[in-house]
Amino acid sequence: MKIFRTMVIALTFGLVVSWYFDIWHSPVETIDELIGKNYDFAARNYFKSPPQYQYEVNVNHELSEFDGAILHHKEKLKDSIVQVYTWKFINRKKTIWVGKTSESDSQIIDAIRYKNDIKF
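Now for a look at the structure at hand. (Residues numbered from 1 in each chain as written. Predicted model: local features only at pLDDT ≥ 70, side-chain atom pairs only at ≥ 80, totals over all residues. Heavy atoms only, no water.)

A look at the side chain of S80
- Following the sequence through the fold, S80 ends up in strand 3 (residues 77-88).
- There is a polar contact of 3.3 Å between the side chain of S80 and the side chain of N58.
- What S80 contacts, discounting residues up to four positions off in sequence, is V57, N58, V59 and N60. (Helix = DSSP H or I, 4+ residues; strand = E, 2+ residues; numbered from the N terminus. Polar contact = N/O pair within 3.5 Å; in protein donor to acceptor, adjacent residues only side chain to side chain. Contact = heavy atoms within 4.5 Å.)

Here it is in structure tokens:
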């Protein structure tokens, strides 16, 4: 009985540590299932809460390294203004860049998840 209890405690501890440190994911990765969808879909079905941070960028102006990746998708945009939304979770953040395209007025152009301690 003591061995079983020790195994259960060790397994539980291992699961909590792997969840907290998010060892199953890269430090930064694309959220492919959101790219191409619209903001309303993501807010309603994926995030289910308002973002903690929001700002806008103009792709025709100098961008930070963090926002600069959106330039790879510039040809899709019908407007130079892109909305940036970030949700913060316990050990990671998720950010989406939303712009006006021929398909939607609020299409997700890029989406990433990254650990909280990542510096761009």
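Brief notes about unusual backbone geometry
- If you check the backbone angles, K48 has positive phi at about 60° while not being a glycine.
- Mapped onto the secondary structure, K48 falls in the loop between helix 2 (39-47) and strand 2 (53-58).
- You can call K48 exposed: its relative accessible area is 65%. (Buried < 20%, exposed > 50% of the residue type's maximum accessible area, 1.4 Å probe, protein only.)

Description of the sheet that holds strand 4 (residues 92-101)
- The 5 strands are arranged 1-5-4-3-2 in an open sheet whose pairing can be described as antiparallel. Among the strands making up the open sheet, the edge pair consists of strand 1 (28-30) and strand 2. If you compare each strand with its neighbour and ignore which way they point, the axes differ by 20° on average.
- Two strands pair when backbone bridges link them, and strand 1 and strand 5 (residues 107-115) are joined in this way by 3 bridges, in the antiparallel orientation. Across the sheet, residue V28 finds its bridge partner in strand 5, namely Y114.
- Against the sheet, helix 2 touches strand 3, strand 4 and strand 5, its axis set at about 155° to strand 4. (Pairing = 2+ DSSP bridges. Axes fitted to C-alpha atoms, helices over the stretch in contact; angles between N-to-C directions.)

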